[in-house]
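A look at the structure
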Amino acid sequence: MKESVVRLSSLSFQYEDGKKILDHINFNMEKGDFVGLVGPNGSGKSTLMKLILGLLPPKEGTVELFGTPVQKFRDWTKIGYVAQQAAHGTGGFPATVKEVVASGLVGKVGLFRRLKREHYEKVAEVVKRVGLGEKLNDRIGKLSGGQLQRVFIARALVADPELLILDEPTVGVDQESIEQFYGLLRSLKEENELTMMIVSHDVGVMTQWVNKVACLQRGLHFHGTADEFAHNQDKILQSMYGDAIRVLAHHH
Amino acid sequence: MLADWWQYDFLRYTLFSGILIGLICPILGTFLIVRRLSMMADGLSHVTLSGVAAGMLLSKKIAFFGAVNPLFFGMLFSVVGSLFIERLRKVYKAYQDLAIPIILSAGLGLFTVLVSIADGFNTDLYSYLFGKIVTVSREDLYALIGVGAVVLGTVFFLYKELFAVSFDEEHARVSGVARKTINLWFMVLVALTIAASMRIVGVLLISAMITIPVAASLQIAGSFRQAILYATIFAEISVLSGLYFAYLLDWASGGTIVLMAVLVLMVVLASKKTGAWIRRMREENRA
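Residues numbered from 1 in each chain as written. Chains lettered and ligands numbered in written order. Predicted model: local features only at pLDDT ≥ 70, side-chain atom pairs only at ≥ 80, totals over all residues. Heavy atoms only, no water.

1. Concerning the overall build of chain A
Stated precisely, the cut-off is as follows: Helix and strand definitions here come from DSSP, where helices need a minimum of 4 consecutive H or I residues and strands a minimum of 2 consecutive E residues; each element is numbered from the N-terminal end. We compute the radius of gyration over the C-alpha atoms and compare it with the globule rule, which gives 2.2 Å times the number of residues raised to the power 0.38. Categorising residues by exposure relies on relative accessible area from a 1.4 Å probe, with only protein chains included: less than 20% of the type maximum marks a residue as buried, more than 50% marks it as exposed, and the intermediate range marks it as partly exposed. Two residues qualify as a contact provided that any one of their heavy atoms is within 4.5 Å of a heavy atom in the partner residue. Using a 1.4 Å probe, accessible areas were evaluated by the Shrake-Rupley method; residue-level cover was limited to the displayed protein chains. Positive charges are assigned to Lys and Arg, negative charges to Asp and Glu, while His and the chain termini are left out of the count. The location of each charge is read from NZ of Lys, CZ of Arg, CG of Asp or CD of Glu.
For chain A, the helix and strand inventory stands at 10 helices and 10 strands. Relative to the globule expectation of 18 Å for 252 residues, the C-alpha radius of gyration of chain A, 18 Å, shows essentially globular dimensions. If one aligns the C-alpha atoms of chain A with their principal axes, the spans along those axes are about 55 × 45 × 40 Å. Buried residues in chain A amount to 52% of all 252 residues. A separation of at least 24 residues holds for 68% of the contacts in chain A among residues at least 6 apart in sequence. Summed over all atoms, the accessible surface of chain A reaches about 11700 Å², with 46% contributed by carbon and sulfur. Computed over 31 positive and 30 negative side-chain charges, the inter-centroid distance for chain A is 6 Å.

In structure tokens:
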């Protein structure tokens, strides 16, 4: 049996207003998985993400990262995180690609230690890997949405994480860049033996690239391989969204 | 004229204090502004003012406090104010900037009450409000050197943490950065800097030293390090020229320094615009 990277057991969550966001989620993600987490707006995707990242404390049930309960987990450099681009709003920040990517090393290098030449060499290497080598010293304000998203991926990768979590990474990115983006993710995954979880509401595109799919609508409506999902897609989505849904398939 | 600055102690103290302020205010200011907390300095400066008034009141009523520099009460109040702002920012998560006007009004309210209880002060409050060269003492300079050393040490050793938290607080937290401690310590440093700088620039104008040089620098900086470097250069130009003219013309030092900073900002803005215009003309000629 492969090593468990993320394990959620009977996980429920409600905010202080009493509204239940997540209901008895059981979920296991193993080393090497590329999981797509899908669900409509307000389905609890972001809350689940925050619980996995330790940004919210689990109140009912457990969250385990690499076999350790999230409350006791300290090895955060094992996890790379790319937030929703819309949430960044960092275009006007006076920083270069190099400075932003280097900030991904802050947890790994440790308190009171300064970044050295080898750290910046690693930054340059990762920036080149995501295809932005020539932009290393450019201000991030000069980049396009797709390029900026790759900067954030480089920041998440620079500390050599084992698990990469991406929250709606393609929002605001044009169609061509989305294709390149998923291609990049797949090659990064293969090169670095990464385990990945990608959260998206764009079911059509994302499920063609991942090998496992989890469908969330308060509870887990489906959890299985991408092939199983493709065979039962209409049924699964109708159980999540109701009968009003019409599935529009993308072909690439 | 220039020889006076070496001849008289108070002018030497003023000069060294000014150089230090020109160094630490824009460094902290760069971090504050990119985090959209530029009004923080204004809020804390008013709290500092109430601390100074409390110090003066105590020294008037109780002989023991007569020997204590009111500046230290200003520092104490400012630090407590910064802790309150951090607390209020958590209470009003969706309206984080609300914390600043609350603290600002509380500081000013307390100040006016303390002044009325004391029935006025003999000391020249005007100098605390707007800065005055002749009022800088050796003790003020030492306080500023102490604060400056802590600020520079912190920025040197915690630069990457401060950058990470300023750029993307949530990501810094996920990366394992002690975000709360860093934020708290940073606010304390801002509070101490404001209190220590008020003799030169004045409580009401200190926020200008923290923001205007950075505003100029953000126009031309190509990186975060450059933003800090240029802001420091602009602040030093403003402080040194401001002090010179304030002494020459017998103007309030704080006001003169701030006017110089505004002048530098305008020159930067005009140069940028002219540069863009020249580039456009060249391109049109080539086409």
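2. Here we look at the interface of chain A and chain B
The condition is simple: The term buried area means the drop in 1.4 Å probe accessible area that two parts suffer when joined, counted for both and summed. Criterion for a salt bridge: a side-chain nitrogen of Lys or Arg within 4 Å of a carboxyl oxygen of Asp or Glu.
On the side of chain B, 26 residues touch chain A, which itself brings 31 residues to the contact. Carbon and sulfur atoms supply 63% of the area buried between chain A and chain B, which totals about 2600 Å² over both sides. The largest share of the area that chain A buries against chain B comes from Phe93(A), Val106(A) and Arg114(A), three residues that together contribute 24% of it. The tally of links from chain A across to chain B stands at one salt bridge.

3. Here we look at the environment of Leu144(B)
Assignment of secondary structure puts Leu144(B) in helix α7 (residues 138-157). With 49 residues separating them in the primary sequence, Leu144(B) and Thr193(B) have C-alpha atoms 7.6 Å apart.

4. Here we look at the side chain of Lys160(B)
For clarity, the cut-off: Any N or O atom pair separated by 3.5 Å or less is treated as a polar contact, with the protein-specific requirement of one donor-capable and one acceptor-capable atom, and with residues adjacent in sequence counted only for side-chain atom pairs.
Here Lys160(B) is to be found in helix α8 (residues 159-167). What makes Lys160(B) buried here is its relative accessible area of 8%. Separated by 2.6 Å, the side chain of Lys160(B) and the backbone oxygen of Arg113(A) make a polar contact. Contact partners of Lys160(B), with chain neighbours within four places excluded, come to Val106(A), Val109(A), Gly110(A), Leu111(A), Phe112(A), Arg113(A) and Leu115(A).

5. Re the sheet that holds strand β4 (residues 60-65) of chain A
Residue and element names in this part refer to chain A. Rules: A pair of strands is treated as paired once DSSP finds two or more bridges between them. Only the stretch in contact is used when a helix axis is fitted, and all axes are lines through C-alpha atoms; the angle between N-to-C directions ranges over 0 to 180 degrees.
Reading across from one edge, β2-β1-β4-β5 is the order of the four strands in this open sheet, with antiparallel pairing throughout. Both outer strands of the open sheet, β2 (20-30) and β5 (68-69), are each paired with one neighbouring strand and no more. Bridging between β4 and β5 involves two bridges; their strand directions are antiparallel. If you follow Glu64 over to β5, its bridge partner there is Pro69. Packed on one face of the sheet, helix α1 (residues 45-52) meets β1 (4-14), β2 and β4 and runs near 125 degrees to β1.

6. A closer look at a positive patch on the surface
All names here are of chain B. Basically, it comes down to this: Exposure above 30% relative accessible area and the absence of a salt bridge qualify a residue for a patch, where like charges join within 9 Å and nonpolar side chains (Val, Leu, Ile, Met, Phe, Trp, Tyr) within 5 Å.
A cluster of basic residues, Arg87, Lys90, Lys93, Arg173 and Lys180, forms a positive patch at the surface. Positionally, Arg173 belongs in helix α9 (residues 169-174). For Arg173, a relative accessible area of 35% gives the class partly exposed.

7. Topic: a nonpolar patch on the surface
Together, Val91(B), Tyr92(B), Tyr95(B), Leu98(B) and Ile102(B) make up an exposed nonpolar region whose accessible area comes to about 470 Å². Overall, the relative accessible area of 56% leaves Tyr95(B) in the exposed class.

8. Structural notes on the pairing of β2(A)
Residues and elements named next belong to chain A. Across seven bridges, the pairing between β1 and β2 is antiparallel. Paired with Leu8 across the strands is Phe27, a residue of β2. Between the antiparallel neighbours β1 and β2 lie five residues, among them Gly18 with a positive phi of about 90 degrees.

9. Overview of the packing of aromatic side chains
Just so we agree on the cut-off: In summary, the pairing rule links any two rings of Phe, Tyr or Trp, Trp by its six-membered ring, whose centres are within 6.5 Å, and it sorts them by plane angle into stacked for under 30 degrees, edge-to-face for over 60 and tilted for everything else.
A full pass over the atoms with the stated rule returns 22 aromatic pairs over all chains. Plain terms: the ring middles of Phe93(A) and Phe224(B) are 5.5 Å apart, the flat faces sit at 20 degrees to each other, and that makes the pair stacked. Residue Phe93(A) is found in the loop between α2 (85-88) and α3 (97-102), and its partner Phe224(B) is found in helix α12 (residues 224-249); the two belong to separate chains. Phe224(B) matches Phe93(A) in its accessibility class, with the two residues each being buried. On the numbers, 6.2 Å between centres and 35 degrees between planes, the contact of Phe152(A) with Phe167(B) is tilted. A residue pair is termed interchain when its members come from two chains, as with Phe152(A) in helix α6 (residues 145-157) and Phe167(B) in helix α8. With relative accessibility at 0%, the residue Phe152(A) sits in the buried group. Phe167(B) gets classed as buried once you look at its relative accessible area, which sits at 5%.

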